[in-house]
Amino acid sequence: MKKHYLKVKRETPKKRDPNERIVDFHPTYEMFSESEASLQSARCIKCPIDIVRDLKSEFSFCRTGCPLENKIPIWVEKVKEGDIEGAFKASNEVSPFPEILGLVCPHDILCQGGCTISRTEHGSVTIGAIEVYLNEEAFKRGLRPYYGEDKPKTGHKVAVIGSGPAGFSCATFLLRGGVEVDMFEKSDRPGGLLTYGIPNFKICKDVILRRFEWMQEAGLNLYLNTEIKSSAQMKEMLNEYDAIFVALGAPSGRSARMKNEDAHGVYHVMDILKHAQKRVFEDFYEFILEGKDVVVIGGGDSAMDAVRTAVRTKAKSVKCLYRRDEDNMPGSKKEVINAKEEGVQFEFYTAPKEVVVDEGHHVKGIICQRTELGEPDESGRRKLSVVEGSEFEIPCDVIILALGFDNVIFPWYEDAQIKTGKWGEVLVDENKRTSNPRIFAGGDAVRGADLAVTAAADGKKAALAILKDFGISL
């Protein structure tokens, strides 16, 4: 077993200086150079196979930590050897858009969390950054993803409703099988959450849009500004298509259930993120947060996206309120660090109670209460309680709710015989097939708000099941 990790220090992509990056929406992190990627790849110890699964040399602990079972050890080794073409082929074989997931996945709790040397003081192999490098380098060399361009068309036709990670992935594998795909997206650009729910400083949208351009060149029929919202539309689709994949996400932002939450100046996080991204696209030039004192409620990645967006849209001040402590924040630790570097102020042990409004019902502040953590409950999580008499007010002009997302039961679900669960999630079997055997579903519409990579895995699984129904294997 080689132990280069003992000699080579773990490195992550360089960050731009906070004072430089807060004035634009360009990516926060730089990409590895060829030498950096090769050196970091050499830290991989090619650990023993996962004997429990008995899947031999292609499997390792990092790979079993990936919902897509990405061939990480293979392409890491090929990057070390300088074989970009081989690495690109291995990376794209099982993943629908590896350079995108290399940017947005929470690697520390997935592949890198499973890395054997992550358990040592030396830290994991920087898998995500290597994945981004090898794909971008391959694109520079003229290599392109495979979308079944040389496959004869099978005559089968599938509709994909939604172009977020799940729909994006499903369409990828259907195209590889020679199936005609019509994709319907309610927005003006494809990508769903990847395009409008993740800020440009985390992933440049050109990275997403070029994949859709390549897919269109390979035969994808993409219908933008097209929302499927009626039973009549679904009935027509069931008559026209051999199968349908539903990937509508979890589009409803959660409420804080505060008094005056309907005041002017209270926004759900997706409204702010979409507005900011449209500004980056130069669809318009208005900054709705400029010069405002902004309060963001929440502690997840969406909250960090919101506070960092507010800084870039020239807010006067930005505060993040979270009811527990920093260690209990559910989002990425590095995003909290980035937010602090950019001047965001955090108020921990703070729960919102009421929006303070003026005579015109505009936000002028928020009344909060202090909280404290008690003994752990049956799940092991410490109970939260409010400190009586601890109310205090934070003056502000804008409040952004980043409290998570809920599923929506669309009107045509019942007519399409799609069963849903307690929380409005679509119920599916192990192959992502719904109660209607010709309709499949995946991503947040099934799981509730979750990760892009789990949505991608759902889309892939559904596509493979659909292809199997057609008698096609990849």
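Going by the structure above, here's the rest.
Residues numbered from 1 in each chain as written. Predicted model: local features only at pLDDT ≥ 70, side-chain atom pairs only at ≥ 80, totals over all residues. Heavy atoms only, no water.

Engineer: Got a minute to help me understand the overall build of the chain in this structure?
Structural biologist: Looking only at helices and strands, one finds 17 helices and 16 strands in the chain. For 474 residues, the compact-globule estimate of 2.2 N^0.38 gives 23 Å, and the C-alpha radius of gyration of the chain, at 23 Å, lies within 12% of that figure. Split into buried and exposed, the 474 residues of the chain put 53% on the buried side. Partitioning the intrachain contacts of the chain with sequence separation of at least 6 by distance along the chain shows that 69% fall at a separation of at least 24. When the accessible surface of the chain is split by element, carbon and sulfur atoms take 49% of a total near 21800 Å². (Helix = DSSP H or I, 4+ residues; strand = E, 2+ residues; numbered from the N terminus. Rg over C-alpha atoms; globule rule 2.2 N^0.38 Å. Buried < 20%, exposed > 50% of the residue type's maximum accessible area, 1.4 Å probe, protein only. Contact = heavy atoms within 4.5 Å. Areas by Shrake-Rupley, 256 points an atom, 1.4 Å probe, with all protein chains shown as cover.)

Engineer: What exactly am I supposed to notice about the sheet that holds strand β1 (residues 157–161) here?
Structural biologist: Within a sheet, each strand pairs with its neighbour through backbone hydrogen bonds, oriented either parallel or antiparallel. In spatial order, the strands read β3-β2-β1-β4-β16; together these 5 strands make up an open sheet with parallel pairing. Two strands close off the open sheet at either side, each with one partner strand: β3 (221–223) and β16 (439–441). Ignoring strand direction, the axes of neighbouring strands in this sheet form an average angle of 20 degrees. Sheet topology places strand β4 (residues 243–246) next to β16; 3 bridges connect them, and they run parallel. Looking across to β16, one finds that Ile 244 is bridged to Ile 439. (Pairing = 2+ DSSP bridges. Axes fitted to C-alpha atoms, helices over the stretch in contact; angles between N-to-C directions.)

Engineer: Would you explain the sheet that holds strand β8 (residues 317–321) in this entry?
Structural biologist: Pairing is parallel across the open sheet formed by 5 strands, whose spatial order is β6-β14-β7-β8-β9. The open sheet has two edge strands, β6 (266–268) and β9 (345–347), and neither has a second partner. This sheet shows a mean twist of 25 degrees between the axes of neighbouring strands, independent of strand direction. For β6 and strand β14 (residues 398–401), the ladder comprises 3 bridges, and the chain directions are parallel. Counted as the bridge partner of Val 266 is Ile 399 from β14. Against the sheet, helix α13 (residues 269–280) makes contact with β6 and β14, and its axis sits at roughly 80 degrees relative to β6, the strand it touches most. Contacts from helix α14 (residues 301–312) reach β7 (293–297), β8, β9 and β14, with the element oriented near 170 degrees to β8.

Engineer: What am I meant to see in helix α17 (residues 452–469) here?
Structural biologist: Since the α-helix packs 3.6 residues into each turn, any two residues three or four apart lie on the same face. Between the first and last C-alpha of α17 there are 26 Å, a value that for 18 residues agrees with the 26 Å anticipated at 1.5 Å per step. One or two positions beyond α17, positive phi appears at Gly 471, with a value near 80 degrees. (Expected span 1.5 Å × (residues − 1).)

Engineer: Looking at this model, I keep getting lost on unusual backbone geometry. Mind explaining?
Structural biologist: Negative phi characterises most residues that are not glycine, and trans characterises most peptide bonds. In this model, Asn 225 sits at a positive phi of 55 degrees, which is unusual for a non-glycine residue. One non-glycine residue, Lys 432, lies in positive phi territory at about 70 degrees. If you trace the backbone, Lys 432 turns up in the loop between β15 (405–406) and β16. By relative accessible area, which is 13% here, Lys 432 ends up buried.

Engineer: It is not clear to me how the side chain of Arg 16 should be interpreted in this structure. Could you clarify?
Structural biologist: Along the chain, Arg 16 falls in the segment before α1 (18–21). The buried category is assigned to Arg 16, whose relative accessible area is 11%. Polar contacts involving the side chain of Arg 16 include one to the side chain of Glu 20, which spans 3.2 Å. A distance of 3.4 Å separates a polar side-chain atom of Arg 16 from the backbone oxygen of Pro 27. Apart from residues no more than four positions distant in its own chain, Arg 16 is found in contact with Arg 21, Asp 24, His 26, Pro 27 and Thr 28. (Polar contact = N/O pair within 3.5 Å; in protein donor to acceptor, adjacent residues only side chain to side chain.)

Engineer: Help me understand the nonpolar core, please; the structure alone is not making it clear to me.
Structural biologist: Note on soluble globular proteins: their nonpolar side chains tend to be buried together. The biggest cluster of nonpolar side chains holds 72 residues, and the ones touching the most others in it are Trp 75, Ile 100, Leu 101, Phe 168, Leu 174, Leu 220 and Phe 245. Tallying contributions element by element places α17 first for this core, with 10 residues. Counting 28 residues, the second largest nonpolar core, distinct from the first, contains Leu 273, Leu 289, Met 304 and Ala 306. (Core = buried A, V, L, I, M, F, W, Y, C linked by side-chain atoms within 4.5 Å.)

Engineer: Just checking my understanding: could you explain the side chain of Ser 91 for this structure?
Structural biologist: Mapped onto the elements of the fold, Ser 91 is located in helix α5 (residues 84–94). In this structure Ser 91 touches Asn 70, Trp 75, Pro 98, Glu 131, Leu 134 and Asn 135, once residues within four positions along its chain are discounted.

Engineer: Which parts of the structure should I look at to understand the pattern of salt bridges?
Structural biologist: It is possible for side chains of opposite charge to pair when their charged atoms get near one another. This model, assessed by the stated rule, comprises 30 salt bridges. In this structure, the salt-bridge partner of Lys 80 is Glu 77, at a minimum N-O distance of 3.3 Å. Taken together, the residues span about one helical turn, with Lys 80 and Glu 77 both in helix α4 (residues 72–81) at a distance of 3 residues. Glu 77 gets classed as buried once you look at its relative accessible area, which sits at 17%. (Salt bridge = Lys/Arg side-chain N within 4 Å of Asp/Glu carboxyl O.)

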